[in-house]
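Breakdown of the fold
This is what each chain is made of:
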Amino acid sequence: MDREERLAALSSFFGCSPAEAEPLSDAMTFVVYRHDQALIQQGDLGAKVWIVLKGQAQLKIIGSDGQVQLLMTHGPGELFGALPHERIFVSDVVARDNIAVLEISSREMNALVQDRTRLGSGLAMILARQYHAALDRMAARITLSASGRVCAELLKAAGNEDFISPPPVVAAIGLMAQTTRETASRTISSLERRGVVSREADRLTIVSRRLLEEMVL
């Protein structure tokens, strides 16, 4: 990623001009993490902040029953890490597929947003969006069935498209929907039998978005 691309991304995320994003850009490092590579592990002292440019970072935690639970997922334009100060991480942070991020020390990030009003207000907006997304996920966990959550995750993965390419990993969909791999597999197989989705080697196609949306319950 060249300097202009980095400035364009940061100014878009923070709602500021490229000139206002320049001090942040200069302090950040572009890093690519491979699929399943850990950015940090549960119990480690965190001293960095990451902004996702491409891909997803998954925050996973081991529950009291010994099972891995997905705590949260962060995608492009989202920020996570130790902020405003260093802290012990309560979860693993793992790359899903290959992810590209900008990273900065917690100390430098804290100093920048305190000194520069536009960066501080931009950070507040990013965190507000993430807060509401977290509330939506919590509400879905309480109000939707496991199959409904799987359908919701398929719609989320497709975005504005009618396909997901490459096709989603069933175990990953199960984690994001806070259910088992078996439930996710049964749900997707049922959707195939009913003609709502179709699976090919390189993609999962949503044949009827309306029917899939109706199954989010």
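Details of the structure are given in the entry above.
Quick caveat, the model's predicted, so the values are computed rather than measured.

Criteria and thresholds
Residues numbered from 1 in each chain as written. Predicted model: local features only at pLDDT ≥ 70, side-chain atom pairs only at ≥ 80, totals over all residues. Heavy atoms only, no water. Helix = DSSP H or I, 4+ residues; strand = E, 2+ residues; numbered from the N terminus. Rg over C-alpha atoms; globule rule 2.2 N^0.38 Å. Buried < 20%, exposed > 50% of the residue type's maximum accessible area, 1.4 Å probe, protein only. Areas by Shrake-Rupley, 256 points an atom, 1.4 Å probe, with all protein chains shown as cover. Lys, Arg positive; Asp, Glu negative; His and termini not counted. Charge placed at Lys NZ, Arg CZ, Asp CG, Glu CD. Contact = heavy atoms within 4.5 Å. Pairing = 2+ DSSP bridges.

1. Notes on the overall build of the protein chain
Each helix and strand in the protein chain was counted, giving eight helices and eleven strands. Here the protein chain has a C-alpha radius of gyration of 19 Å; the compact-globule value for 217 residues is 17 Å, and the two agree. By principal-axis analysis of the C-alpha atoms, the protein chain measures approximately 55 × 40 × 30 Å. Per-residue burial for the protein chain yields a buried fraction of 41% across its 217 residues. If you sum the accessible surface of the protein chain, you get close to 11400 Å²; carbon and sulfur atoms cover 53% of it. When the 24 basic and 26 acidic side-chain charges of the protein chain are each reduced to a single mean position, those positions are 5 Å apart.

2. What to know about the environment of S106
Among the secondary structure elements, S106 is positioned in helix 3 (residues 106-115). By relative accessible area, S106 is classed as buried at 2%. Note: C-alpha distance between S106 and M215 (109 residues apart in sequence) is 42 Å. Beyond its immediate chain neighbours, meaning those up to four positions away, S106 contacts A47, K48, V49, A82, P84, H85 and E86.

3. Remarks on the pairing of strand 4 (residues 48-62)
Bridge analysis of strand 4 against strand 8 (residues 92-105) gives eleven bridges, and the strand direction is antiparallel. The partner of W50 across the bridge, within strand 8, is E103. Alignment of strand 4 against strand 6 (residues 79-81), held across three bridges, turns out to be antiparallel. Across the sheet, residue I51 finds its bridge partner in strand 6, namely L79. Across six bridges, the pairing between strand 4 and strand 5 (residues 68-74) is antiparallel. Residue pairing for strand 5: I62 is matched across the bridge by V68. Between strand 4 and strand 5, which pair antiparallel in sequence order, lie five residues; one of them, G66, sits at a positive phi of approximately 85 degrees.

4. So, unusual backbone geometry
Residue P84 follows L83 across a cis peptide bond; omega there is 5 degrees. Residue placement: P84 occurs in the loop between strand 6 and strand 7 (87-88). Positive phi values are uncommon outside glycine, yet D97 reaches one of about 60 degrees. Within the secondary structure, D97 sits in strand 8. Positive phi values are uncommon outside glycine, yet Q178 reaches one of about 60 degrees.

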